[in-house]
Amino acid sequence: MNQTPIRTTPKEYEILPFVDLHAPKAFSSRNRTRADASPDNAMQDFEDAKTTLRLTGLWINLSLENIIGAHEKYMVELHPVNTSILTSQNTDTSMRQKGARKPHYSHLLIFDNTLVFQAACCLPLKIVAASLNGHSVSGRVLFASHSEESGGRLVYQFRDKGTEMILDLQRGESPRAQRYIFRKI
């Protein structure tokens, strides 16, 4: 069954819940092979990132000066108090389907003295907690969409800037979040 992509319009800034620095790391029993993206997949991800940014009205030059990769990335367990959409203890795998490759990327961008986080994967995406320099941070969704054909996209703008950002990204209704730690930004 085909779904129409769900897109959001920019919202007002809101203070995000502070990251739970004591959240236990989540360990997976799945054995994943970690391979670098092929040149074709990397180009697909790059073009998708540019297109998604243009849909938000941002014309950010995706150059090495503007893109910050995570220094650390790992899964953490979420507590239901950290998110309003956590409704199930099982990850919804019905949205994952075989077939055409969906873009997979995540990065932090520096643009006009603001920080913009961008991510894409198979599932809907939502930032559930963040901190900047060890303090609360406010931000807003510039773009969010999901469809079975295209996967999920998220562009999130933060109001402040600093030198260390920690954010937790939830995929679908998973009881876990991907924690990203960006340093020296």
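Our subject in this report is the structure included herewith. These figures come from a predicted structure and were not determined experimentally.

Parameters at a glance
- Residues numbered from 1 in each chain as written.
- Predicted model: local features only at pLDDT ≥ 70, side-chain atom pairs only at ≥ 80, totals over all residues.
- Heavy atoms only, no water.
- Helix = DSSP H or I, 4+ residues; strand = E, 2+ residues; numbered from the N terminus.
- Buried < 20%, exposed > 50% of the residue type's maximum accessible area, 1.4 Å probe, protein only.
- Contact = heavy atoms within 4.5 Å.
- Pairing = 2+ DSSP bridges.
- Axes fitted to C-alpha atoms, helices over the stretch in contact; angles between N-to-C directions.

**Observations regarding the overall build of the protein chain**
Then comes step 1: When its secondary structure is counted, the protein chain shows 1 helix and 10 strands.
Then comes step 2: When the helices and strands of the protein chain are listed from N to C terminus, the series reads β-α-β-β-β-β-β-β-β-β-β.
Then comes step 3: Within the span of the protein chain, comprising 185 residues, buried residues form 43% of the whole.
Then comes step 4: Pairs at least 24 apart in sequence give 75% of the contacts found in the protein chain among residues at least 6 apart.

**Things to note about the pairing of strand 6 (residues 125-132)**
Then comes step 1: Among the 8 residues of strand 6, 7 are classified as buried, and the element is accordingly described as predominantly covered.
Then comes step 2: Examined bridge by bridge, strand 6 and strand 9 (residues 164-171) share 7 bridges and lie antiparallel to one another. Bridge pairing in strand 9 places A130 opposite L167.

**Concerning the sheet that holds strand 3 (residues 72-77)**
Then comes step 1: Within the open sheet, the 4 strands sit side by side as 3-10-9-6. Their pairing is antiparallel. Only two strands of the sheet have a single neighbouring strand rather than two, namely strand 3 and strand 6. The mean angle between the axes of side-by-side strands here comes to 25°, regardless of whether they run parallel or antiparallel.
Then comes step 2: Pairing geometry for strand 9 and strand 10 (residues 176-183), over 7 bridges, is antiparallel.

**What to know about the environment of K11**
Then comes step 1: By the element assignment, K11 lies in the segment before strand 1 (14-15).
Then comes step 2: Taking the C-alpha atoms as reference points, K11 and F143, 132 residues apart in sequence, are found 9.4 Å from one another.
Then comes step 3: Leaving out residues up to four positions away in the same chain, K11 has contacts with R140 and V141.

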